[in-house]
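Letter by letter, the chains look like this.
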Amino acid sequence: MDLDYNPSRKYLFIKNKWVSTAASIWIQCTSGSLYTFSVYSPILKSSQGYTQSTLDTISVFKDLGGNVGILSGLLYSAAADHGFGPWLVHLAGAVQCFLGYFLIWATVVGKIPQPPIAVMCIYMLIAAHAMTFFNTANVVTGGFLGLSGAVLIQVYQTIFESDPSSYLLLLALLPSINAVILMRFVRTFVTNEEDEKKYLNSFSFLAVLLATYLAVVIVIQHMMKLNLSVRSITFVLLILFVLSPIVVAIEAQQQRSYRMVKSLLEKNQIWGERPRPLIDEASSSNREGNGVDDHDDDLLHWREDQTLLQSMKSLNFWFLFYTTACAMGSGLATVNNISQIGESLGYTSLETNTLVSLWSIWNFLGRFGAGYVSDTFLHIKGCPRPVFVVMTLAAMSIGHALVASGVQGSLYVGSVLIGICYGSQWSLMPTIASEIFGKTHMGTIFNTITIAGPIGSYLLSVKVVGYIYDREAGADHGKGSCTGTRCFMLSFIIMASVTFSGFIIALILLIRTRKFYKNVVLRKILLHSRSEINAYVT
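Residues numbered from 1 in each chain as written. Predicted model: local features only at pLDDT ≥ 70, side-chain atom pairs only at ≥ 80, totals over all residues. Heavy atoms only, no water.

Asks: What is the right way to look at the state of the cysteines in this model?
Replies: Covalent bonding between the sulfur atoms of two cysteines defines a disulfide. The full count for this structure, using the stated rule, is one disulfide. Here C482 connects covalently by a disulfide to C487, the sulfurs 2.0 Å from one another. Here the S-S torsion is close to -90 degrees, and the disulfide linking C482 with C487 is therefore left-handed. Of the residues examined, C482 reaches a relative accessible area of 2% and is grouped as buried. (Disulfide = S-S within 2.5 Å. Buried < 20%, exposed > 50% of the residue type's maximum accessible area, 1.4 Å probe, protein only.)

Asks: Would you mind showing me how to read the packing of aromatic side chains here?
Replies: The relation between two aromatic rings is expressed through the spacing of the ring centres and the mutual angle of the planes. Within this structure, the stated rule accounts for 23 aromatic pairs. Between Y40 and Y101, the aromatic rings sit 6.5 Å apart at their centres with planes inclined by 85 degrees, giving edge-to-face as the arrangement. Taken together, the positions of Y40 in helix 2 (residues 37-48) and Y101 in helix 5 (residues 87-108) put the pair 61 residues apart, joining distant regions of the chain. Assessed through its relative accessible area of 0%, Y40 is described here as buried. Exposure remark for Y101: the relative accessible area of 0% places this residue in the buried category. Arranged with centres 5.2 Å apart and planes meeting at 20 degrees, the rings of F98 and F102 form a pair that is stacked. Here F98 and its partner F102 are both found in helix 5, four residues apart, which amounts to about one turn of the helix. (Phe/Tyr/Trp six-rings, centres within 6.5 Å; stacked < 30°, edge-to-face > 60°. Helix = DSSP H or I, 4+ residues; strand = E, 2+ residues; numbered from the N terminus.)

Asks: Just checking my understanding: could you explain the packing of helix 18 (residues 442-450) against helix 19 (residues 452-475) for this structure?
Replies: A packed helix pair is summarised by two numbers, namely the angle formed by the two axes and the spacing between the axes. Closest axis-to-axis distance for the helix 18/helix 19 pair is 4 Å, and the angle between their directions is 0 degrees. As judged from the angle between their axes, helix 18 and helix 19 are roughly parallel. Of helix 19, the residues touching helix 18 (which contributes T448, I449 and T450) are A452, G453 and P454. Residue composition of the contact of helix 18 with helix 19, grouped by class: three nonpolar, three polar and no charged. (Axes fitted to C-alpha atoms, helices over the stretch in contact; angles between N-to-C directions. Parallel < 35°, antiparallel > 145°, perpendicular 65-115°, else oblique. Contact = heavy atoms within 4.5 Å. Nonpolar A, V, L, I, M, F, W, Y, C, P; charged D, E, K, R; others polar.)

Asks: Any chance you could explain a nonpolar patch on the surface here in plain terms?
Replies: On the surface, F98, L99, F102, L173, I177 and I181 cluster together into a nonpolar patch covering about 510 Å² of accessible area. Breaking the nonpolar patch down by element, the ones donating at least two residues are helix 5 and helix 8 (164-182). Looking at where I177 falls in the secondary structure, it is placed in helix 8. Classification of I177 as partly exposed rests on a relative accessible area of 45%. (Patch = residues over 30% accessible without salt bridge, like charges linked within 9 Å, V, L, I, M, F, W, Y side chains within 5 Å. Areas by Shrake-Rupley, 256 points an atom, 1.4 Å probe, with all protein chains shown as cover. Salt bridge = Lys/Arg side-chain N within 4 Å of Asp/Glu carboxyl O.)

Asks: Looking at this structure, how should I read the environment of G110?
Replies: Relative to the helices and strands, G110 resides in the loop between helix 5 and helix 6 (117-137). According to the relative accessible area criterion, G110 is exposed, its value standing at 54%. With 63 residues separating them in the primary sequence, G110 and S47 have C-alpha atoms 8.8 Å apart.

Asks: I'm lost on helix 4 (residues 70-81) in this one. Help?
Replies: Turn by turn, an α-helix covers 3.6 residues, leaving residues three or four places apart pointing in a common direction. For helix 4, spanning 12 residues, the distance from its first C-alpha to its last is 17 Å, which sits close to the expected 16 Å at 1.5 Å a residue. Looking at the residues trailing helix 4, positive phi occurs at G83, about 85 degrees. (Expected span 1.5 Å × (residues − 1).)

Asks: Sorry if this is basic, but what is going on with the nonpolar core here?
Replies: Among soluble globular proteins, nonpolar side chains are generally buried collectively. Y101, I104 and Y167 are the most contacted members of the largest nonpolar core, which has 133 residues in total. Of the residues forming this core, the biggest block, 13 residues, is contributed by helix 14 (residues 315-344). Setting aside residues up to four positions removed in sequence, Y101 forms contacts with S33, Y40, A127, M131, L168, L171 and A172. (Core = buried A, V, L, I, M, F, W, Y, C linked by side-chain atoms within 4.5 Å.)

Asks: Honestly, the confidence of the model for the chain in this entry has me stumped. Any pointers?
Replies: Parts of the model with low pLDDT should not have their predicted coordinates read in detail. On average, residues of the chain score 84 in pLDDT, and 83% of them reach the 70 mark or higher. Contacts of residues 1-11 to residues separated by more than four positions or lying in other chains number 16 contacts, the stretch itself having pLDDT below 50. Contacts for the low-pLDDT stretch residues 270-302, under 50 throughout, to residues beyond four places or in other chains number 36 contacts. (pLDDT = per-residue confidence, 0-100.)

Asks: What should I look at first to understand the side chain of R367 in this one?
Replies: Its location among the elements puts R367 in helix 15 (residues 349-381). It is D63 that comes nearest to the buried, bridge-free R367 among opposite-charge side chains, at 11 Å. Those residues within four positions of R367 in sequence are excluded, and the remaining contacts are Y35, L145, G146, G423, S424, W426 and S427. (Lys, Arg positive; Asp, Glu negative; His and termini not counted.)

Asks: Please explain the packing of helix 9 (residues 196-223) against helix 15 as it appears in this structure.
Replies: For the pair helix 9 and helix 15, the least separation of the axes is 10 Å and the interaxial angle reads 160 degrees. Our classification of the angle between helix 9 and helix 15 gives roughly antiparallel. Of the two elements, helix 9 crosses helix 15, and the hand of that crossing is left-handed. Residues S204, A207, V208, A211, L214, A215, I218, Q221 and H222 of helix 9 form the contact with helix 15, whose own contacting residues are L350, E351, T354, S357, L358, I361, F364 and F368. (Left-handed = near helix turned anticlockwise from the far one by under 90°.)

Asks: So what exactly am I meant to see when it comes to the environment of S405 here?
Replies: Inspection of the secondary structure puts S405 in helix 16 (residues 386-405). A relative accessible area of 35% places S405 in the partly exposed class. Once residues within four sequence positions are removed from consideration, S405 is found in contact with S410 and M489.

Asks: Would you mind going over the side chain of K62 with me for this structure?
Replies: Its place among the elements puts K62 in helix 3 (residues 52-67). The exposure class assigned to K62 is buried, which follows from its relative accessible area of 0%.

Asks: I keep staring at the pattern of salt bridges and nothing clicks. Help me out?
Replies: One side chain can pair with another of opposite charge once the charged atoms of both are near each other. The full count for this structure, using the stated rule, is six salt bridges. Its salt-bridge partner being D63, residue K62 comes within 2.6 Å of it at the nearest N-O pair. The burial state of K62 is the same as that of D63; both residues are buried. With a closest N to O distance of 3.6 Å, R471 and E472 form a salt bridge. You can call R471 partly exposed: its relative accessible area is 42%. Given a relative accessible area of 17%, E472 falls into the buried group. One continuous salt-bridge network, built from bridges that share partners, spans D375, R385 and E435.

As structure tokens, this is what we get:
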């Protein structure tokens, strides 16, 4: 609790970490444009006369801009050192978001001359790079970023009713204006309050509710055409779901005020003697229950937190880098090309937009579920976290194989598996990296490993998917577009093989780190549990 806390201050409500968390959630609810490329890629391709390989090249610059957050991290550190808050980082992101998407929109609608391909790549890089600034400046938000793509598409379909060029203008305006309005509410806090986990869980629960609502609405929209009044009602309900985190913030602030007043009233009371800590009993019972001996000669030595250069000398680093390239690269290649995949199979634009929206839901479920499930199995069963990388890559390989089959409905089922497994990497990879290499240099190590995503995306999107599509389109009387399963079958067979190779490497990583997790990571968890017991009884 802050020592200078005073519940009578009029401005207190808007200057606390729960309102900051709610504001961060609202900013991230409009920051998911990276996963909606397929909504506007058809008009970008047709208006500029691009081949599929060229379009995929532009998408790679989107992936590069959205995954390399070095500049945002440097600005955040510099702003903090000079007394500025996260608002400066948000402002920089808003400027880039508006500039990048506005120039793309102006090009598509003919407001400015068609630029060279390299310049269009820069436009896309700037627009996507803005998202790293939004993500860097925000506090913990419980997974709302994974849902933001579906939120943006719902806004687009309600207001513009399937006009892709207008969607580009929406991406230029909505995230930028939203960030500028809310950036002053986002602040950094170091307090640790009672019931903090309870309110963080409440935010997560609201994210699950929002995901459920979005999934239901998306499915209904896919099954039947809704008139304007019904669309307006579903949109209003969506806004209410998005605004709901403020209810948690208000409750948390009220409880904080109550605890402070209670503390002030009780501070002069005489406290009875507190019970003596049962450190020995708690320690011995935990040691017996977990089968860990502090004096075990076979216990691995405690490792100092490693720097980036030190971690790069380890095979584990490169194994993690490769599995990330396979999972994120193939996932990005799928979502970037999902519009053209659907088009080749005879899907309408509404159906492909449905696939993109549902991808956001699966992405969220992967991010949210993988972290929760892997934590549970690690703490309760002692299951090493790389097990789940092995499982997700195996499932991803099956998903790519399903899409390659071209069977009716396989694109829906395959995209579910690929989307969930892609999202899970964003929970698993940074956590595994911090457990193996330590937390001191985690930011640098994490940002370096995430470069694997754009690298994998470039190889698979441009050199595989784009090249094969253009080859098949050229064989189809030079029409520039391709129809039938042959357009993407070979590409997804290759991606299934790539993710299967990632599965093999992840299996080797699991074998290499299994003893480390048993003797070091679990021991750290045990000692942390003991310290919590001692703190409680004292």
